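Here is how the chains run, residue by residue.
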Amino acid sequence: MKRTVQNSRLTFGDGSVSVQSMTNLPVTDVEGTCEQIRRLVSAGCDVVRIALPNAQSVASFRRVREEFPAIPLVADVHFNSDLAVAAMQAGADKVRINPGNMSEESLERVVRCAKERDVIIRVGVNGGSVGKEAIKRCGGKTQALYCMLEKYVRFFEERDFFKLVLSVKSSDVAETVEVNRQAAKLGYPMHVGLTEAGPLRQGIIKNAMALGALLTQGIGDTVRVSLTAHPVEEVKAALDILRALHLRGGVTFVSCPQCGRCTIDLEKVACRVYEHVKDCPKNIKIAVMGCEVNGPGECADADIGIAGAGGNYVFFRQGKKYKVAQGEDAVRQFLEEIDRLIQC
């Protein structure tokens, strides 16, 4: 059975899936970091992670914490346990560490402070941190990643610390899926995603494959879609993935791929409708179809739909035809119909 891990601002393991992203400015640029956090939260981000590489960054983190007293903030710390302790004292709700980068004595300091401050620890292991000897000893990289993670979990458990979120990532889709399947058996909430996934298009595809495989099996309590792009794009992609799996509310949008039967500019129409509804939080299904073959069937399965052929557009509501319009004005009328449905 999976544990529920929580403190005053964060809860993991309760069946919901949180979206996380990470600011990509030095936190010493407090104004820029705060503005980026505002954009992330506005886009739908639930948890924001901030890198703290030095003592000066901790002081800046404290100022950010004061600016956002209610938003869950995660301190990302490597190598230096003093920074991890200072981050908790500065108000971090969770600290992300790779225990392999710290001595046992240093980790014990982190544990003591986390207990005192009621802070969650995210135990992170990445593919890039596994040495050749460990891979050889464990019989492969996937098993080496799992063995490292399990070792660290036992370290914390032996010190009666159980407020853990586990994270084990690789830049390889199949490897990430397999090691997370193993890690989930340890019984802690999981932070899932693909590390170093690449720029926008490639990164979204790779993350969608890994996250889809894991989330459909119930593995994943918080997700980050790592991209070489603005962090707001990470949030948008994560929400799209969760909505596709019906793990977040919002519009389900379908449109046909277009073929030689199509007699309207379907791409233009579909893009116009999608842009109009993409951020709508209401659970409705909208269909935009381009011919008489798939149109009626797909629109019948939608809350509202439109199918165009020969310059005419047929409107559907709950599977029933109820209106016909012509030309460019039909799309405008359809958007008005959607707005009325959303406001109901």
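Reading the values: rules and limits
Residues numbered from 1 in each chain as written. Predicted model: local features only at pLDDT ≥ 70, side-chain atom pairs only at ≥ 80, totals over all residues. Heavy atoms only, no water. UniProt positions renumbered as here; feature names shortened; annotations may be inferred. Helix = DSSP H or I, 4+ residues; strand = E, 2+ residues; numbered from the N terminus. 1 Å grid on protein atoms, 1.4 Å probe; cavity = no way out; pocket = protein on both sides within 12 Å on 5 of 7 lines; lining within 4 Å. Points joined across faces, edges and corners; volume = space filled by probe spheres on them. Nonpolar A, V, L, I, M, F, W, Y, C, P; charged D, E, K, R; others polar. Buried < 20%, exposed > 50% of the residue type's maximum accessible area, 1.4 Å probe, protein only. Salt bridge = Lys/Arg side-chain N within 4 Å of Asp/Glu carboxyl O. Core = buried A, V, L, I, M, F, W, Y, C linked by side-chain atoms within 4.5 Å. Contact = heavy atoms within 4.5 Å. Polar contact = N/O pair within 3.5 Å; in protein donor to acceptor, adjacent residues only side chain to side chain. Pairing = 2+ DSSP bridges. Axes fitted to C-alpha atoms, helices over the stretch in contact; angles between N-to-C directions.

**Digging into the UniProt feature "domain: IspG TIM-barrel" (unreviewed entry) in the protein chain**
Okay, so step 1: Under the UniProt annotation, the feature "domain: IspG TIM-barrel" (unreviewed entry) is placed at residues 12-238.
Okay, so step 2: Regarding residues 12-238, the helix share stands at 49% and the strand share at 16%, and the terminal C-alpha atoms are separated by 17 Å.

**Digging into the layout of surface pockets**
Okay, so step 1: If you add up the space inside the largest pocket, you get close to 410 Å³.
Okay, so step 2: Put simply, the parts of the chain that give the lining of the largest pocket at least two residues each are helix H1 (30-43), helix H9 (231-244) and helix H10 (266-277).
Okay, so step 3: For the lining of the largest pocket, the element with the highest residue contribution is H9, accounting for seven residues.
Okay, so step 4: Tallied by class, the residues present in the lining of the largest pocket amount to six nonpolar, one polar and seven charged.
Okay, so step 5: In this structure, the second largest pocket occupies an estimated 250 Å³ of space.

**Comments concerning unusual backbone geometry**
Okay, so step 1: Positioned with a positive phi, Glu196 is a non-glycine residue whose angle comes to about 50°.
Okay, so step 2: Classification of Glu196 by relative accessible area gives exposed; the value is 62%.
Okay, so step 3: We note that His246 has phi near 60°; this positive angle belongs to a residue other than glycine.
Okay, so step 4: Turning to its location among the elements, His246 is positioned in the loop between H9 and strand E11 (252-255).
Okay, so step 5: Residue His246 is classed as exposed on the basis of its relative accessible area, which comes to 63%.

**Observations concerning the pattern of salt bridges**
Okay, so step 1: On inspection of all chains with the given rule, the structure shows 27 salt bridges.
Okay, so step 2: Across the pair Arg38 and Glu35 runs a salt bridge, and its minimum N-O distance is 3.5 Å. Taken as a pair, Arg38 and Glu35 lie in helix H1 at a separation of three residues, close to a single helical turn.
Okay, so step 3: The class for Arg38 is partly exposed, based on a relative accessible area of 38%.
Okay, so step 4: Taking the shortest distance from any N to any O, the salt bridge between Arg154 and Glu150 comes out at 3.6 Å. One end of the pair, Arg154, and the other, Glu150, are both in helix H6 (residues 141-158), four residues apart, so they sit about a helical turn from each other.
Okay, so step 5: Given a relative accessible area of 33%, Arg154 falls into the partly exposed group.

**Digging into the nonpolar core**
Okay, so step 1: Of all hydrophobic cores here, the largest spans 78 residues; its most connected members are Ile50, Leu52, Val64, Ile121, Phe156, Leu164 and Leu166.
Okay, so step 2: The element contributing the most residues to this core is H6, with nine residues.
Okay, so step 3: When sequence neighbours within four positions are dropped, the list of residues in contact with Ile50 reads Met22, Thr23, Val27, Thr33, Ile37, Phe61, Val64, Leu73, Val74, Ala75 and Asp76.

**A few points about the side chain of Ser57**
Okay, so step 1: Structurally, Ser57 can be placed in helix H2 (residues 55-67).
Okay, so step 2: Engagement of the side chain of Ser57 in a polar contact is seen with the backbone oxygen of Asn54, the distance being 2.5 Å.
Okay, so step 3: Not counting the four nearest positions on each side in its chain, Ser57 is found in contact with Val27, Thr28 and Leu52.

**Here we look at the sheet that holds strand E14 (residues 312-317)**
Okay, so step 1: The mixed open sheet is built from five strands, whose spatial order is E11-E12-E13-E14-E15. Since the sheet does not close on itself, it has two edges, and those belong to E11 and strand E15 (320-326), each with one partner. The sheet shows a mean angle of 15° between the axes of neighbouring strands, direction not considered.
Okay, so step 2: Pairing between E11 and strand E12 (residues 285-289): four bridges, direction parallel. Each residue of the ladder has a partner; that of Thr252, found in E12, is Lys285.
Okay, so step 3: Contacting E11, E12 and E14, H10 crosses the sheet at an angle of about 165° to E12.
Okay, so step 4: Across the sheet, helix H12 (residues 328-343) lies against E12, strand E13 (304-309), E14 and E15, angled at about 140° from E15, the strand it touches most.

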